[in-house]
Amino acid sequence: MSASTPFQDEAHQHLTAGNVSAYMQALGQAARRAASELRRADTGLKNRALMAMAHRLAEARGQILDANAEDLQRGRQNGLESALLDRLALNDVRIDAMIEGLQQVAGLPDPVGEVSDMRYRPSGIQVGKMRVPLGVIGIIYESRPNVTLEAASLCLKSGNACILRGGSEASQSNAAISASIQAGLADVGLPAGSVQVVATTDRAAVGEMISMPDYVDVIIPRGGKSLIERISRDARVPVIKHLDGVCHVYIDTTADPAKALAIAVNAKTHRYGTCNTMETLLVDAPIADLLLPELARAYAEHDVELRGCQRTQALLPQASAAEEADWYAEYLAPVLAIKVVDGIDEAIAHIEQYGSHHTDAIVTQDYSLARRFTAEVDSSSVIVNASTRFADGFEYGLGAEIGISTDKLHARGPVGLEGLTTQKYVVFGDGQVRE
């Protein structure tokens, strides 16, 4: 890996002196300069950087796993919840997925410079839109060290510099991954400021990052509700976010029972600590007595605790009574709320009242009901006859994702390369002047 730059040395001197504000300002200045270079970088150079990162990551696999083991041990000692430990953990399979993610992003079409909607105006000029980077993106996240690499890859491919602030629980893992990223950037001659991982766990760094509109164009928080609420409240920079992942699966009377069983079990048990995991199951009343006992047996094999409405409890005595708070809950744990409903109208009304506009699915053989569900459910992803776990940038063909947005402006749903760009108008003329 190349030696640090004088500017990096200055930034870390501020950190050593305990001046977090000056340190973050230095990172912001470096990122802004790097963003200017990245705007000029062609697709080939960005792809070479991604492949160099993948190579460096593979070389450093052992060091990264050792660093992650330190983070896991400290997390257990500090009483970190099992869902957060799962998010934190790395292994060979997850590192292979990280490398594959870099390779996939390198293989994706580069949106930067794409011109669309060209049209002639009566004056003879041509007007269109060109896709361009956002500039500098600040990303604040918890637990998942793979986010460090995913964020770096998507920001780099879309021509953006990024400042990454991971959670303190993953500090050693993030530092090891950052070393591979920096080595890959140096291998192809891109500035170190293209991807910077904040080297302090001081919470003041977050406050500084979200208050630097001169240097940071967009903030993307990935983490728990309290983190995202704080960022949304205090940021002086635009935020792309989602607060909760209260995802539903509604099983309609016409659903194929085998498909319904597979989807409902996968949506809940595939992984518990993800924002696209089902938290509430809605079952149409005419099929409930047939399907719920089968589902309960399947959930019991996964030790999933069931909380149900009165009609659910009548069919499943092992289910505890669901309280009002359960319908709003994002458990991120082996707990599931179940409600028996009378048709699609009640299902949609329940989702509208209690959902988080993240991801909701219907299992049905009725095409008209599927169309109604997709049209009327106001979520960033609406799925027909498949698990909510597919609401993911990798599965949607975006490569890795930077996050999932439930906002309605700029980006919605999994945010990939296109979501990290914006458009500007471009005009082509041949000497025209306005009369």
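Residues numbered from 1 in each chain as written. Predicted model: local features only at pLDDT ≥ 70, side-chain atom pairs only at ≥ 80, totals over all residues. Heavy atoms only, no water.

1. Digging into the overall build of the chain
The helix and strand inventory of the chain stands at 16 helices and 16 strands. The globule rule puts the C-alpha radius of gyration for 435 residues at 22 Å, and the 24 Å found for the chain is close to it. When its C-alpha atoms are laid out on the principal axes, the chain stretches across 70 × 70 × 35 Å. Within the chain, the fraction of its 435 residues that count as buried is 52%. At a minimum sequence separation of 6, the contacts of the chain that also span at least 24 residues come to 74%. Within the structure as shown, the chain displays about 18800 Å² of accessible surface, and the carbon and sulfur contribution to it stands at 49%. Looking at charge distribution, the chain has the averaged site of its 40 positive side-chain charges lying 6 Å from that of its 55 negative ones. (Helix = DSSP H or I, 4+ residues; strand = E, 2+ residues; numbered from the N terminus. Rg over C-alpha atoms; globule rule 2.2 N^0.38 Å. Buried < 20%, exposed > 50% of the residue type's maximum accessible area, 1.4 Å probe, protein only. Contact = heavy atoms within 4.5 Å. Areas by Shrake-Rupley, 256 points an atom, 1.4 Å probe, with all protein chains shown as cover. Lys, Arg positive; Asp, Glu negative; His and termini not counted. Charge placed at Lys NZ, Arg CZ, Asp CG, Glu CD.)

2. Considerations on unusual backbone geometry
For aspartate 117, which is not a glycine, the phi torsion comes out positive at approximately 60 degrees. Inspection of the secondary structure puts aspartate 117 in strand E1 (residues 115–120). Even without a glycine there, the phi angle at asparagine 385 is positive, about 55 degrees. For asparagine 385, a relative accessible area of 30% corresponds to the partly exposed category.

3. So, the nonpolar core
Met24, Ile139, Ile163, Leu164, Ile219 and Ile402 are the most contacted members of the largest nonpolar core, which has 74 residues in total. Take this core: its biggest share by element is nine residues, from helix H2 (residues 20–40). Those residues in contact with isoleucine 402 that lie beyond four places of it in its chain are Ile139, Ala151, Leu154, Cys155, Ile220, Arg222, Val415 and Leu420. Counting 37 residues, the second-largest nonpolar core is a separate cluster that includes Ile251, Leu291, Trp327 and Ala337. (Core = buried A, V, L, I, M, F, W, Y, C linked by side-chain atoms within 4.5 Å.)

4. As for the pairing of strand E8 (residues 278–284)
In the case of a regular strand, side chains alternate between the two sheet surfaces. Among the seven residues of E8, seven are classified as buried, and the element is accordingly described as predominantly covered. Inspection of the sheet shows E8 paired to strand E11 (residues 335–341) by five bridges, in the parallel sense. By the bridge assignment for E11, threonine 280 is matched with alanine 337. (Pairing = 2+ DSSP bridges.)

5. Structural notes on the side chain of arginine 131
Mapped onto the secondary structure, arginine 131 falls in strand E2 (residues 126–133). Aside from chain neighbours lying at most four places away, what touches arginine 131 is Pro111, Val112, Gly113, Glu114, Glu418, Thr421, Thr422 and Gln423.

6. Concerning the side chain of serine 180
Along the chain, the position of serine 180 falls in helix H8 (residues 171–188). With sequence-adjacent residues up to four places away left out, serine 180 is seen in contact with Met53, Arg56, Leu57, Ala60 and Ile64.

7. Side note on the sheet that holds E11
An order of E10-E9-E11-E8-E7-E12-E13 is seen for the seven strands of this open sheet, with the pairing classed as parallel. Each edge of the open sheet carries a strand with a single partner, namely strand E10 (320–321) and strand E13 (381–384). Against the sheet, helix H12 (residues 285–301) engages strand E7 (247–251), E8, strand E9 (305–308) and E11, with an angle of about 145 degrees to E8. Sitting on the sheet, helix H16 (residues 367–376) touches E7, strand E12 (359–363) and E13, and the angle it makes with E13 is about 170 degrees. (Axes fitted to C-alpha atoms, helices over the stretch in contact; angles between N-to-C directions.)

8. As for the domain arrangement of the chain
Examined at the domain level, the chain breaks down into domain 1 (6–234) and domain 2 (248–395). Measuring from the centre of the C-alpha atoms in domain 1 to the corresponding centre in domain 2 gives 34 Å. Interface area for domain 1 against domain 2, summed over the two sides, is near 530 Å², with a carbon-plus-sulfur share of 40%. When the buried area of domain 1 at its contact with domain 2 is split by residue, Ala83, Arg87 and Arg144 rank highest and sum to 56% of it. For the interface between domain 1 and domain 2, the tally reads one salt bridge. (Domains from an automatic or database assignment. Buried area = accessible area lost by both parts, 1.4 Å probe. Salt bridge = Lys/Arg side-chain N within 4 Å of Asp/Glu carboxyl O.)

9. What to know about the environment of asparagine 266
Position of asparagine 266 relative to the elements: it lies in helix H11 (residues 257–269). Each C-alpha atom, one on asparagine 266 and one on threonine 277, is 8.8 Å from the other, the two residues being eleven residues apart in sequence. Excluding residues within four positions of it along the chain, asparagine 266 makes contact with Ser387 and Arg389.

10. A look at the layout of surface pockets
Here the largest pocket defines a volume of roughly 1300 Å³. Along its surface, the largest pocket is lined by 46 residues, and Arg144, Asn146, Arg271, Thr274 and Asp392 are the ones closest to its centre. Ranked by residue count, the leading element in the lining of the largest pocket is helix H6 (residues 92–107), at seven residues. Residue composition of the lining of the largest pocket, by class: 18 nonpolar, twelve polar and 16 charged. (1 Å grid on protein atoms, 1.4 Å probe; cavity = no way out; pocket = protein on both sides within 12 Å on 5 of 7 lines; lining within 4 Å. Points joined across faces, edges and corners; volume = space filled by probe spheres on them. Nonpolar A, V, L, I, M, F, W, Y, C, P; charged D, E, K, R; others polar.)

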